[in-house]
Amino acid sequence: SQELEQSPQSLIVQEGKNLTINCTSSKTLYGLYWYKQKYGEGLIFLMMLQKGGEEKSHEKITAKLDEKKQQSSLHITASQPSHAGIYLCGAGRGSTLGRLYFGRGTQLTVWP
Amino acid sequence: EAGVTQFPSHSVIEKGQTVTLRCDPISGHDNLYWYRRVMGKEIKFLLHFVKESKQDESGMPNNRFLAERTGGTYSTLKVQPAELEDSGVYFCASSQAFEQYFGPGTRLTVT
């Protein structure tokens, strides 16, 4: 079974629209990472959340971790074509943050 | 500052051959990780080095995979002999603290 469930699997939105990607686990998350990948490139680190209820923003992207630390959401405001790519959530387990477990990713397409 | 680099970017080999992948982490990062993404599935952890020591190798699929990090700098991942199911993208990541920075990956195709 998958450690992390991401939804939706793919998302097609018009430029300027807002969107949300979700990442859910049945277990407590110790460190929740959001990455973005473009085809043929590595994973670009976006944000990391550790505390329940934590929220971080970078430019037009906001990530939140719920109080129980089992669900995170990534919200993009006023999407642009440059936001297109695959968004991946990853998380650690236990008290130390070593290996990461990943969701399968959300393919985002933004059309002008 | 240079990011994580991986070589080669692509490799196509026949079943039974040997392939060695290389990862150069960000300078000063003690932690180095190998991950793999098989088509259609999520990225999965292979192993974790702290400097030259293997901290966690529980994700290595079998003994055909050998990872080394001599001197605690760059790392190599050797697959010998390669099988069809080894095809995928192999990612390397490095970190000094919690944030893991990933390389572009090596796409391995075993035919």
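Described in the following lines is the structure provided in the data block. Given the structure is predicted, the values throughout are model-derived calculations rather than measurements.

**Digging into the pattern of salt bridges**
Residues and elements named next belong to chain B.
Phase 1 of the analysis: Applying the stated criterion across every chain yields a total of 7 salt bridges over all chains.
Phase 2 of the analysis: Among the salt bridges present, the one from Asp-24 reaches Arg-22, with a minimum N-O distance of 2.7 Å.
Phase 3 of the analysis: A relative accessible area of 32% means that Arg-22 is categorised as partly exposed.
Phase 4 of the analysis: Arg-64 is the partner of Asp-86 in a salt bridge, and the nearest nitrogen-oxygen pair spans 2.6 Å. Here the residue Asp-86 occupies a position in the loop between β8 (75-79) and β9 (88-95), and Arg-64 occupies one in the loop between β6 (53-56) and β7 (65-68), the gap between them amounting to 22 residues.
Phase 5 of the analysis: The exposure class of Asp-86 is buried, given its relative accessible area of 1%.

**With respect to the environment of Leu-43 of chain A**
Phase 1 of the analysis: Position of Leu-43 of chain A among the secondary structure elements: in strand β5 (residues 43-49).
Phase 2 of the analysis: Along the backbone, Leu-43 of chain A and Tyr-87 of chain A are 44 residues apart, and their C-alpha atoms lie at a distance of 9.0 Å.
Phase 3 of the analysis: If near-sequence neighbours (up to four positions away) are discounted, Leu-43 of chain A is found in contact with Tyr-35, Lys-36, Gln-37, Leu-88 and Phe-102 of chain A together with Ile-43, Phe-91, Phe-102 and Gly-103 of chain B.

**Here we look at the interface of chain A and chain B**
Phase 1 of the analysis: Contacts between chain A and chain B engage 20 residues on the former and 20 residues on the latter.
Phase 2 of the analysis: Between chain A and chain B, the buried area comes to about 1,700 Å², and carbon and sulfur atoms account for 56% of it.
Phase 3 of the analysis: Summed over the three residues of chain A that lose the most area to chain B, namely Arg-99, Phe-102 and Arg-104 of chain A, the buried surface amounts to 33% of that side.
Phase 4 of the analysis: The tally of links from chain A across to chain B stands at 1 salt bridge.
Phase 5 of the analysis: The partner of Glu-42 of chain B in a salt bridge is Arg-104 of chain A, and the shortest N-O contact between them spans 3.4 Å.
Phase 6 of the analysis: Applying the counting rule to chain A against chain B returns 8 residue pairs in polar contact (both at pLDDT 80 or more).

**Examining the state of the cysteines**
A covalent bond bridging the sulfur atoms of two cysteines is what the word disulfide describes.
Phase 1 of the analysis: Tallied over the full model, the rule gives 2 disulfides over all chains.
Phase 2 of the analysis: Disulfide pairing places Cys-23 of chain A opposite Cys-89 of chain A at an S-S distance of 2.0 Å. For the disulfide bridge between Cys-23 of chain A and Cys-89 of chain A, the dihedral angle about the S-S bond is near 75 degrees, and by the sign convention the bridge is right-handed. Residue Cys-23 of chain A is located in strand β3 (residues 19-25), and its partner Cys-89 of chain A is located in strand β9 (residues 85-91); the two are separated by 66 residues in the primary sequence. Note on accessibility: Cys-23 of chain A and Cys-89 of chain A belong to one class, buried.
Phase 3 of the analysis: With its sulfur 1.8 Å from that of its partner, Cys-23 of chain B forms a disulfide with Cys-92 of chain B. Across the disulfide from Cys-23 of chain B to Cys-92 of chain B, rotation about the S-S bond amounts to roughly -60 degrees, and the bridge is consequently left-handed. Taken together, the residues span a long stretch of sequence, with Cys-23 of chain B in strand β3 (residues 19-24) and Cys-92 of chain B in strand β9 at a distance of 69 residues.
Phase 4 of the analysis: Given the relative accessible area of 0%, Cys-92 of chain B is considered buried.

Each value, and the rule that gives it
Residues numbered from 1 in each chain as written. Chains lettered and ligands numbered in written order. Predicted model: local features only at pLDDT ≥ 70, side-chain atom pairs only at ≥ 80, totals over all residues. Heavy atoms only, no water. Salt bridge = Lys/Arg side-chain N within 4 Å of Asp/Glu carboxyl O. Buried < 20%, exposed > 50% of the residue type's maximum accessible area, 1.4 Å probe, protein only. Helix = DSSP H or I, 4+ residues; strand = E, 2+ residues; numbered from the N terminus. Contact = heavy atoms within 4.5 Å. Buried area = accessible area lost by both parts, 1.4 Å probe. Polar contact = N/O pair within 3.5 Å; in protein donor to acceptor, adjacent residues only side chain to side chain. Disulfide = S-S within 2.5 Å.

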